[in-house]
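# Fold and geometry: a report
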Amino acid sequence: MRPALRTARRKARRLVLWTLSLLMLIALSPLSARADNPIVQTIYTADPAPLVHNGRVYLYTGHDEDGSTYFTMRDWRVFSSTDMANWTDHGSPMSLATFAWADANAWAGHVVPRNGKFYWYVPVRNRATGGMAIGVAVGDSPTGPFRDALGRPLVENGEIDPHAFIDDNGQAYLYWGNPRLWYVRLNTDMISFSGSATQIPLTTAGFGTRNGNASRPTLYEEGPWVFKRGNLYYNVFAAECCSEFIAYSTAPSATGPWTYRGTIMPRQGSSFTNHPGIIDFNGGSYFFYHNGALPGGGGYTRSVAVEKFTYNADGTIPTINMTTAGPPQVGTLNPFVRQEAETIAWANGVETEPSSEGGMNVGFISNGDNIKVKGVAFGTGASSFTARVASAASGGTIELRLGSATGTLVGTCSVPGTGGWQNWTSVTCPVSGATGTRDLYLRFTGGSGNLFNLNWWQFTAGGGTGGNLLTNGNMENGTTGWTASGGTLSSATNVAYAGSRSLLNSGRTSAWQGPHQNVTSLLTNGKSYTTSVWVRSQSGTPSAKATLTYTANGTTNYLQLTPAQTVNANGWTQLTGTATVSWTGTLTNASFYVETAAGTDGLYIDDASFQ
């Protein structure tokens, strides 16, 4: 049962957001109304820290509490994307409670991977001293969970905004500071450092000139973001509060000397702070920041946004302005594999919450709310739509619309009451007219109050694209359709990505051994097939991949269907990719299977599709 106070608070916020959104829609042009910045609309987010890992962008943020009148922040959040348009909400893998010695101020942090682990450096208030200190947490996956690595501060001098950087020679640094700027040389364990903290000289040549403040003669304010491009080191920072703009300096080494280069993002938006993060992803460069652009937003209720940019020929960074459009989508989204409901380009009205089936679900859905999913590649068509839903009320309907929340209706799914907000069932409805690449809107209708929750959805291909070639791809029918090329294959009920079961291949004696399925009679020569399978290890952190082995005219070939990705025992990793299968002569055998690049760790798989 949902706490009445929480529901009342969220419904009050929903009314405010709905009213302000209506006013914005009246004031803005149709193009602006379809904006995708800020990139998260279900909560207020701040202080972005992006990370590229295994072909995916992970975005670590702070969380401004609703209605804050100060920097009231109690946890951190994680989102991720493969296309820079649709972002998956991974919830909160770390909070103030992670650090038993901290009592307030879950402020701007940064995550860096090393040694097969992920280290999250954050500023929090030390309960014992009352001052700000830098803590470090460690996780086995980019989405956590994270645990306090030390049980005490890593470093403490009352200053904030840590950022970690690992140089080409393997030396790691931790930078932080407001009003000063510091660094330490981290050891390879990433949770200790050598020597003492070094203060970086804040000279006007290095960090620009601030006028009218003798105690702070330079523009440097806070939030250093240090990285290397070519032979040049960049230090991007929030400059001259208040309100802040984003500026940067460069240096020939990670420790300076720094030379001020100018403004990146002018003073814009309705937040008096800003906070930078820069990455390269899939051939493009991206600049993350925050503003107060959401309804109810401001200096203490901020939202993370992102822009794509191109470095100037001489390596300088151009001026970047805040937009409501955001960057173009990278590729498309595949609707024929399971998509988390919390993978969203834009949300109206809904929020997210932890799901009893793992991960997050979309909840607090009311009549008229909707979710936009950008750039959905339907190809030549879809025949049906399946959704995982739960309702402690009487349910409602999911309208499938293209182009806008009032666009072409291609399907309607009825959602029943299930007797609880986490009592999950699957519903399926026919689809007609979903072709090409379109923006998909899931529009929710029904009576008053909260209608239902949505955990995931998936379309079934139709119109000639072909459906899933794998039997029992959801693993709910035990080991039916699957065999093991080594070790023991069993149906696991103790862990599942979705539903109640997964498939476990234990006792593997070679890396190539794994669960497999014969698809010889189902393949078409020269056709492209898309693979999606969720994998976790029984122990260890092997690199897993999906492979097709096929034999034609006596020659056996091995086609890698997905990029290899590190998997672990603490959560599920999606392997996905598209490959063209072709052969010469007569095809006599073809098998789909999941294997590891090395090692013999046991593997769980769930929700597998090859189509």
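Residues numbered from 1 in each chain as written. Predicted model: local features only at pLDDT ≥ 70, side-chain atom pairs only at ≥ 80, totals over all residues. Heavy atoms only, no water.

On to the sheet that holds strand 17 (residues 245-251). With antiparallel pairing, the 4 strands of this open sheet are ordered in space as 15-16-17-18. Where the open sheet ends on each side, the last strands, each with one partner, are strand 15 (220-229) and strand 18 (259-265). Shown here is a sheet whose adjacent strand axes are inclined to one another by a mean of 25°, direction ignored. Summarising the sheet, strand 16 (residues 232-239) and strand 17 pair through 7 bridges and their orientation is antiparallel. Note on strand 17: the bridge partner recorded for Ala238 is Ile246. (Pairing = 2+ DSSP bridges. Helix = DSSP H or I, 4+ residues; strand = E, 2+ residues; numbered from the N terminus. Axes fitted to C-alpha atoms, helices over the stretch in contact; angles between N-to-C directions.)

The next subject is the state of the cysteines. Using the criterion set out here, one finds 2 disulfides in the structure. Put simply, Cys241 and Cys242 are joined by a disulfide, and their sulfur atoms are 1.5 Å apart. Handedness of the Cys241-Cys242 disulfide follows from its S-S torsion of about 45°: it is right-handed. When its relative accessible area of 53% is taken as the criterion, Cys242 is described as exposed. One disulfide bridge connects Cys413 with Cys429, the sulfur atoms lying 2.1 Å from each other. Sign of the S-S torsion, about -100° for the bond between Cys413 and Cys429, identifies this disulfide as left-handed. Of this pair, Cys413 sits in strand 30 (residues 408-415) while Cys429 sits in strand 31 (residues 420-430), and the two are 16 residues apart along the sequence. (Disulfide = S-S within 2.5 Å. Buried < 20%, exposed > 50% of the residue type's maximum accessible area, 1.4 Å probe, protein only.)

Attention shifts here to the pairing of strand 13 (residues 182-186). Along a regular strand, successive side chains alternate from one face of the sheet to the other. By the criterion of burial, strand 13 is predominantly enclosed, with 4 of the 5 residues buried. For strand 12 (residues 172-176) and strand 13, the ladder comprises 5 bridges, and the chain directions are antiparallel. By the bridge assignment for strand 13, Trp176 is matched with Trp182. Where strand 12 hands over to strand 13, the hairpin turn is made up of 5 residues, of which Gly177 adopts a positive phi near 145°. Inspection of the sheet shows strand 13 paired to strand 14 (residues 193-199) by 4 bridges, in the antiparallel sense.

Right, let's get into the sheet that holds strand 32 (residues 437-445). Pairing in this open sheet of 5 strands is antiparallel, and the strands run 24-27-32-29-30 from one edge to the other. Pairing within the sheet leaves two strands with one partner each, and these edge strands are strand 24 (346-348) and strand 30. Adjacent strand axes in the sheet meet at a mean angle of 20° when their direction is disregarded. The sheet contact formed by strand 29 (residues 396-402) and strand 30 spans 7 bridges and is antiparallel. Bridging from a neighbouring strand, Thr397 pairs with Ser414 of strand 30.

Attention now moves to the pattern of salt bridges. Evaluation of the coordinates by the stated rule reveals 19 salt bridges. A salt bridge links Arg267 to Glu240; the nearest nitrogen and oxygen atoms lie 2.7 Å apart. With a gap of 27 residues between them, Arg267 in the loop between strand 18 and strand 19 (277-281) and Glu240 in the loop between strand 16 and strand 17 connect regions that are remote in the sequence. Of the residues examined, Glu240 reaches a relative accessible area of 18% and is grouped as buried. (Salt bridge = Lys/Arg side-chain N within 4 Å of Asp/Glu carboxyl O.)

The subject of this paragraph is unusual backbone geometry. With an omega of 0°, the peptide bond between Asn37 and Pro38 qualifies as cis. Tracing the sequence through the fold places Pro38 in the loop between helix 2 (30-33) and strand 1 (44-53). Along the chain, Gly144 connects to Pro145 via a cis peptide bond; the corresponding omega equals 5°. Counting through the fold element by element, Pro145 comes out in the loop between strand 9 (132-139) and strand 10 (146-148). For Asn115, which is not glycine, the phi dihedral falls at a positive 60°.

This model, assessed by the stated rule, comprises 4 cavities of 30 Å³ or more. The computed volume of the largest cavity comes to approximately 90 Å³. Lining the largest cavity are Ile39, Val40, Gln41, Thr42, Phe79, Trp87, Thr88, Asp89, Glu342, Ile344, Ala347 and Thr352. The element contributing the most residues to the lining of the largest cavity is strand 4 (residues 87-89), with 3 residues. (1 Å grid on protein atoms, 1.4 Å probe; cavity = no way out; pocket = protein on both sides within 12 Å on 5 of 7 lines; lining within 4 Å. Points joined across faces, edges and corners; volume = space filled by probe spheres on them.)

This next bit is on the packing of aromatic side chains. Evaluated as defined, the whole model comprises 36 aromatic pairs. On the basis of an interplanar angle of 45° and a centroid distance of 6.1 Å, the ring pair of Tyr175 and Tyr183 is categorised as tilted. With respect to class, Tyr175 is no different from Tyr183; both count as buried. Directly above the ring of Tyr311 sits Arg229, whose terminal nitrogen or CZ lies 3.8 Å from the centroid. (Phe/Tyr/Trp six-rings, centres within 6.5 Å; stacked < 30°, edge-to-face > 60°. Lys NZ or Arg CZ within 6 Å of the ring centre and 35° of its normal.)

What is shown is where atoms sit, not what they do.
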